Structures are given as C-alpha cells and as structure tokens.
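Residues per chain, in single letters:
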Amino acid sequence: MSLTPETILTKEDISYGPTLDADIFRMDDEQLRDYFGAVLLGRYFSAFASISFLPWTARLYTGDRGSEFGSTMAHLYKYAGKPKQATEFYPEAGLPQPYGEYTDPRFRERLENILVDYLDDFVSGRDVLARYGHTSENPWLARNGQPVKDEYLEESRQEILQGCLDVVSSILWCDGEDSMGSQIEAILEEMGEGTVEEFRKKANDNMAKVEISINPDHRRLLLPIKQLTGKTEFRERMELGNIIEPYLKMLE
C-alpha cells in the first residue's frame, strides 16, 4: 500500500475531511513517518520526497498552530480494520468508496511503531532528529547556509515529543468501548440539556469516577512514557494532561 499522486483524494481547496483520512490510511510506512515529521516539525511537504505531492490542505496542525493532529491520528487508530463500524460513524463521507473501505488493518501497528520509535529515542538518549537527517556531522542548515541554532533544534525535539504525547492521550481517550471518552459521553447523555459550562464541570467532576484498565495495545505506548517521567529533564517539559497520568499510575 502506498499513496501516489494518481490516487490521492485530498484537494487543494478543501481543508481536513474524510478525503485526508483516506489518504493517511493509504500511506506506506515511509510516507506515514515523513508525514509525522512534516506536521510535527512544521515543515513543508516538499521537504520529504515520499510525500512531496501532498497539497497544503493535507496538513493537520499541532502545538501552537492548533491541535488536530493527535485527535485525528487517534480517530484513525480507533477505526483501523473496522470498515463497517467506520462507515457507520461516517456514512456521508462523499468518497468514491464507503469510508470504511479505506481503513487499514495494520494502521494501529504502524502508528504504534512510529510512536514507540520516537519515544524510545528520548528514553535512550538518541537524537530523534537523526530520523530526519540531522546529525553532528551533517547538521540541518538554515536558509543562510549555517547550522540551525541549538534552541530551534530543541524546539523541534519538543514538538515531536509533545506530538507523540498528544496522540497517545487521544488514543487513550477514544479507543475501546470502555475508554475514558465513551464513559464521560455516557455520563453527559444522562445529564440531558445544559450549558457548555455545566457540561464541562460535570465531565471534570466525574473524571474520578471513570473506571479504566490498560488495553494491551496501549501498554506498549505507555511504558516509554513512564520511563520518561522518571527523568527530571523530561518531567519538567512534558504536558501529560489528565488523561495519561491515571494510566501511568496503573503501571506502578
């Protein structure tokens, strides 16, 4: 499976939608990893040969540029290999084939592999930027031809780390019948009508009542994060939010 200029569905004039879902599902391993790099590092698709044909509308913003990346990747992870369930969720996708026909049974594993590789780099002390060509012998160069400044390199590393955490957090929230999100959604449905503030307060009040267990698939993602929380230099920089932390405590 590989996305090509002939099979791409995302158009220049249409922002995020089911066409981009279909295109991401059909990316091969190299393309998916390069897509991560382009989005998390804020670089143009043209900087990556495998995805250089993607239009600008294929970008999912993250970090200070907004936050669609984690939730979208988790959405694809949730429905990977479940064509019937995916199509029922998105029946009016407007794609050449039913939405579920584009789901990839291996997408979960492929996404996990990328996340674990990145996280293991941080755990082991390897430079995650080396996956995109930056080394001490061949450093990234700025437009003036000089090596990119250390502070920018560090910001890039932080973007990758936080992007991984955002994806894992979103996966924990939505994946599985007993996920946090599904339990909170059930609680809110019982509330009936109410203001946005009332819903937010009710959801926060009930977070402690949510019963969670670790899905074996998710454990692989949580273990390196747990290791990173034991490192002071990462613990002070990581924004875990209130979703990942309860799961990490279950690993103790």
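That block above? That's the structure.
Since we're looking at a predicted model, the values are computed, not measured. (Residues numbered from 1 in each chain as written. Predicted model: local features only at pLDDT ≥ 70, side-chain atom pairs only at ≥ 80, totals over all residues. Heavy atoms only, no water.)

Colleague: It is not clear to me how helix α9 (residues 216–229) should be interpreted in this structure. Could you clarify?
Modeller: Residues separated by three or four positions in an α-helix point in the same direction, a consequence of the helix having 3.6 residues per turn. Look at α9: 20 Å from first C-alpha to last across 14 residues, which is about the 20 Å you get at 1.5 Å a residue. Of all the bends found along α9, the most pronounced is centred on L222 and spans about 30°, while P224, a proline, follows it within four residues. Those residues of α9 that fall on the buried side of the exposure criterion are H218, L221, L222, P224, I225, L228 and T229. On its buried side, α9 packs onto α3 (69–79), α5 (107–124), α6 (150–174), α10 (232–235) and α11 (241–250). (Helix = DSSP H or I, 4+ residues; strand = E, 2+ residues; numbered from the N terminus. Expected span 1.5 Å × (residues − 1). Bend = angle between axes of the 7 residues up to and from the residue. Buried < 20%, exposed > 50% of the residue type's maximum accessible area, 1.4 Å probe, protein only. Contact = heavy atoms within 4.5 Å.)

Colleague: Explain α5 here, please?
Modeller: Across its 18 residues, α5 extends 26 Å between first and last C-alpha, which sits within 8% of the 26 Å expected from 1.5 Å per residue. In terms of residue burial, α5 counts as a mostly covered element, since 13 of its 18 residues are buried.

Colleague: Which parts of the structure should I look at to understand the packing of helix α1 (residues 18–25) against α3?
Modeller: To describe two helices that pack against each other, one gives the angle between their axes and the distance between the axes. Contact geometry for α1 and α3: axes closest at 11 Å, N-to-C directions at 65°. Classified by the interaxial angle, the pair formed by α1 and α3 is roughly perpendicular. Judged by the sense of rotation from one axis to the other, the crossing of α1 with α3 is right-handed. Contacts between α1 and α3 pair D21, I24 and F25 from the former with T72, M73, H75 and L76 from the latter. (Axes fitted to C-alpha atoms, helices over the stretch in contact; angles between N-to-C directions. Parallel < 35°, antiparallel > 145°, perpendicular 65-115°, else oblique. Left-handed = near helix turned anticlockwise from the far one by under 90°.)

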